[in-house]
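# Notes for the structure review
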Amino acid sequence: MTVHIANDRRANLIGSIWMITAMAVFAVEDAFVKAAALTLPVGQILILFGLGGAFVFAGLLLIQKRPLFVPDVVSRPMRFRVVFEIVGRLFFVLALSLTPLSVTTVILQAAPLVVVAGAALVFGEKVGWRRWTAVLIGLLGVVVIVQPGADSFSLLSLLAIRGMLGFAGRDLASRAAPASLNTSILGLYGFLSILVAGILFSGWQAAPFVMPTPDAWLFLSGAVLAGVAAYSCLMKAMRTGDVSAVTPFRYTRLLFGIALGIVVFGEQVSPSMMLGAGLIVLSGLFILWRGKQATPPGARQH
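Given the structure is predicted, the values throughout are model-derived calculations rather than measurements.

### A word on helix α4 (residues 101-108)
The buried count for α4 comes to eight of eight residues, which makes it a mostly enclosed element. Buried within α4 are the following residues: Leu101, Ser102, Val103, Thr104, Thr105, Val106, Ile107 and Leu108.

### Thoughts on the packing of helix α5 (residues 111-122) against helix α6 (residues 129-146)
Close contact between α5 and α6 brings their axes to 9 Å; oriented N to C, the two are set at 140°. By the angle between their directions, the pair α5 and α6 is classed as oblique. Once α5 is placed against α6, the crossing between them reads as left-handed. Of the residues in α6, those in contact with Leu113, Val114, Val116, Ala117, Ala120 and Leu121 of α5 are Trp132, Val135, Gly138 and Leu139.

### A closer look at unusual backbone geometry
In the Ramachandran plot, Lys65 falls in the positive-phi region, its phi being about 60° despite a non-glycine side chain. Here Lys65 falls in the exposed class, since its relative accessible area comes to 78%.

### Describing the environment of Gly141
Note on placement: Gly141 falls in helix α6. Once the C-alpha coordinates of Gly141 and Ile20 are considered, the two residues, 121 residues apart in sequence, prove to be 23 Å apart. Other than its neighbours up to four places away in sequence, Gly141 contacts Gly276, Leu279 and Ile280.

### Some points on the environment of Ala229
Secondary-structure assignment places Ala229 in helix α9 (residues 214-240). The spatial distance from the C-alpha of Ala229 to the C-alpha of Pro148 is 36 Å, given a sequence separation of 81 residues.

### Quick look at the packing of aromatic side chains
In this structure the tally under the stated criterion is six aromatic pairs. Ring geometry for Phe57 against Tyr231: centres 5.7 Å apart, planes inclined by 85°, an arrangement best described as edge-to-face. With Phe57 in helix α2 (residues 42-63) and Tyr231 in helix α9, this pair connects stretches of sequence that are 174 residues apart. Tyr231 gets classed as buried once you look at its relative accessible area, which sits at 15%.

Parameters at a glance
Residues numbered from 1 in each chain as written. Predicted model: local features only at pLDDT ≥ 70, side-chain atom pairs only at ≥ 80, totals over all residues. Heavy atoms only, no water. Buried < 20%, exposed > 50% of the residue type's maximum accessible area, 1.4 Å probe, protein only. Helix = DSSP H or I, 4+ residues; strand = E, 2+ residues; numbered from the N terminus. Axes fitted to C-alpha atoms, helices over the stretch in contact; angles between N-to-C directions. Parallel < 35°, antiparallel > 145°, perpendicular 65-115°, else oblique. Left-handed = near helix turned anticlockwise from the far one by under 90°. Contact = heavy atoms within 4.5 Å. Phe/Tyr/Trp six-rings, centres within 6.5 Å; stacked < 30°, edge-to-face > 60°.

Here it is, written out as structure tokens:
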């Protein structure tokens, strides 16, 4: 019994380290994308980023001697996942290019709250009044950050909210995706969705492509490598420790994003943003705690 508990604790510790690493590298990816957006159109960034990530995951599948296409890829949940991935990525990259990195990162942290609400409404999962209250408080945190009606309100802040909703929808669709789809194939079609988003936005925006500077190529390459590495670390975290133990460390992305925004881009953090971030994080942690309380003793979450 003691050995079993010790093994679980070690697995949770290792899983937590993987999660923190994933969130740090995701924040670096966001910073690279924002830096590339200083000289490149958003549509072109999405196309090059999507192509780069798709090539990496396609290569991994070939190395693993797995097919690039399986019938489950076109299942209904996967079709929804692609649509939400396109919406989430498009508006998130627009938010990164037009609004502060710190604000965009904080708003993104509300996605798990929307996933909880969506799981109750779409999948019929049981969510008690306490967790519903936490969801509403967390969403209030988003309102505090955006400050609609205030002089500082900007419609551009809605880009991050739309991106967050797209990612929440993607995560919900992923929960319903066939279990036969492995991490690499999900990554491949996730990045192909980003490519499609770039093509669609480029056609709508009609902005001419430009030859990337050496710095822009460096930023894009860094974003692709960081995105693939972070995605792999995230999957490793979720498969190493208990979900309830490692998931709270998702919120470390907020710390990394704010730090990069301040140090790299010279952003300032307002009291309202810190208050909103606090409401979002505390609500998310409470929901995770309530979910753990509802788990039968001795049942391991995967």
